[in-house]
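# Observations on chain architecture
Single-letter residue listing:
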Amino acid sequence: MTTTDHSTETPAAAAGQYLIGGELPVHRMGFGAMRLPSAHWDGPAHDPDRSIAVLRRAVELGVNHIDTAAFYFYEDIAANDLIRKALHPYPDDLVIATKVGPGRFPDGSWMNPADPAELRAAVHRNLRELGRDHLDLVYLRFLRTDGPGEDRFATLAALREEGLIRHLGVSSATPAQFAEAQEIAPVTAVQNRYSPLTREHAELVDLCAARDIAYVPYFPFGGAGAPDLSALRRVADRHGATPAQVTLAWLLAVSPTMLAIPGTSSPAHLEENVAAAGLRLDPDDLTELGALAAH
């Protein structure tokens with residue numbers, strides 16, 4: 001459910017708030033922690049002190065939804081550790097979402113998908129690293145090599161019943177995996193790829209909107225910054241904004257259940273991203289940007 005947020009004038013609140021699972025409020029402009037340890041799986045490392053400053057500034061700007069994972073690390077720098085150092089004890093309204101399912105080797109390559117016992121261990125690892133007694137939102141993150149996730153999602157559902165997880169989601173899921181998970185326990189969020197140029201999950205976006213399920217797109221800029229497209233530049237110029245800001249504003253306009261989680265380790269980029277919560281695109285803008293996927 002999307003609502004107008006009159007409780008604060010912070011920049012992140014400008015796009016309104018959404019109730020995850022109908023009861024857990026977050027501002028629709030959030031923050032993704034993947035880039036905090038390094039820009040890429042193979043480095044180079046980012047300055048941990050700067051990443052900690054970015055997290056603290058994000059909260060000052062009104063961000064109350066942070067997306068992380070234990071497999072967001074580079075060498076000995078881990079996103080979960082940075083979040084805890086920066087923000088613990090956590091603000092009462094801060095929602096931290098994490099993902100479990102695969103692990104990563106130090107070289108960045110993926111391990112085999114976790115079995116039920118490994119999933120339980122991964123949940124407890126996130127609890128320890130983040131310093132929490134429960135996790136607000138946990139996604140089962142699929143890989144291309146995954147089969148059906150029935151046993152694994154059932155494990156997370158059991159942990160939810162035990163009070164260690166509040167809400168469940170799926171990430172990088174096919175429509176079939178999403179439907180299978182829904183048969184086991186309520187799915188309150190889907191985190192799949194989506195951007196102006198990558199819309200293979202458009203039907204899932206629409207389905208989530210129809211069922212009031214959060215859709216949380218990763219790689220909103222296609223994975224390497226806002227694409228350098230003339231349509232994006234034209235819309236950006238009309239609004240005195242950047243192509244990255246237009247991309248984020250477009251995402252928020254596509255669906256009322258869309259939650260943006262752009263990530264960065266740069267204070268300047270953080271300010272720019274969060275400011276996009278206040279950018280309103282008109283119907284002509286949306287029509288022009290809507291045509292991008294056809295090119």
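Structure: above.
A brief structural summary.

With an omega of 0 degrees, the peptide bond between Gly43 and Pro44 qualifies as cis. Here Pro44 lies in the loop between strand 4 (31–32) and helix 1 (48–60). Notably, Asp212 is not glycine yet its phi reads approximately 55 degrees, a positive angle. Tracing the backbone through its elements, the reader meets Asp212 in the loop between helix 6 (202–211) and strand 12 (214–215). For Asp212, a relative accessible area of 33% puts it in the partly exposed group. The backbone of Phe219 sits at a positive phi, close to 50 degrees, despite the residue not being glycine. With respect to the helices and strands, Phe219 occurs in the loop between strand 12 and helix 7 (230–239).

Let's shift gears to the environment of His46. Looking at where His46 falls in the secondary structure, it is placed in the loop between strand 4 and helix 1. Each C-alpha atom, one on His46 and one on Leu292, is 33 Å from the other, the two residues being 246 residues apart in sequence. In this structure His46 touches Arg35, Leu36, Pro37, Ser38, Ala39, Ser51, Ile77 and Ser265, once residues within four positions along its chain are discounted. Side-chain polar atoms of His46 contact the backbone oxygen of Arg35, separated by 2.8 Å. Of note is the side chain of His46, whose polar atom sits 3.1 Å from the side chain of Ser265.

Turning our eyes to something else, we now look at the side chain of His65. The residue His65 is located in strand 5 (residues 65–67) in this model. Not counting residues within four places of it along the chain, the set of residues in contact with His65 comprises Val26, His27, Gly30, Phe31, Leu94, Val95, Ala97, Val216, Leu259 and Ile261.

Here we take up the packing of helix 7 against helix 8 (residues 243–254). The interhelical angle for the contact between helix 7 and helix 8, taken along N-to-C directions, is 95 degrees, at an axis separation of 8 Å. By the criterion of interaxial angle, the relationship of helix 7 to helix 8 is roughly perpendicular. Contact residues: Leu232, Arg233, Val235 and Ala236 in helix 7; Pro243, Val246 and Thr247 in helix 8. Residues that form the contact of helix 7 with helix 8 fall into these classes: five nonpolar, one polar and one charged.

Reading guide: rules and limits
Residues numbered from 1 in each chain as written. Predicted model: local features only at pLDDT ≥ 70, side-chain atom pairs only at ≥ 80, totals over all residues. Heavy atoms only, no water. Helix = DSSP H or I, 4+ residues; strand = E, 2+ residues; numbered from the N terminus. Buried < 20%, exposed > 50% of the residue type's maximum accessible area, 1.4 Å probe, protein only. Contact = heavy atoms within 4.5 Å. Polar contact = N/O pair within 3.5 Å; in protein donor to acceptor, adjacent residues only side chain to side chain. Axes fitted to C-alpha atoms, helices over the stretch in contact; angles between N-to-C directions. Parallel < 35°, antiparallel > 145°, perpendicular 65-115°, else oblique. Nonpolar A, V, L, I, M, F, W, Y, C, P; charged D, E, K, R; others polar.

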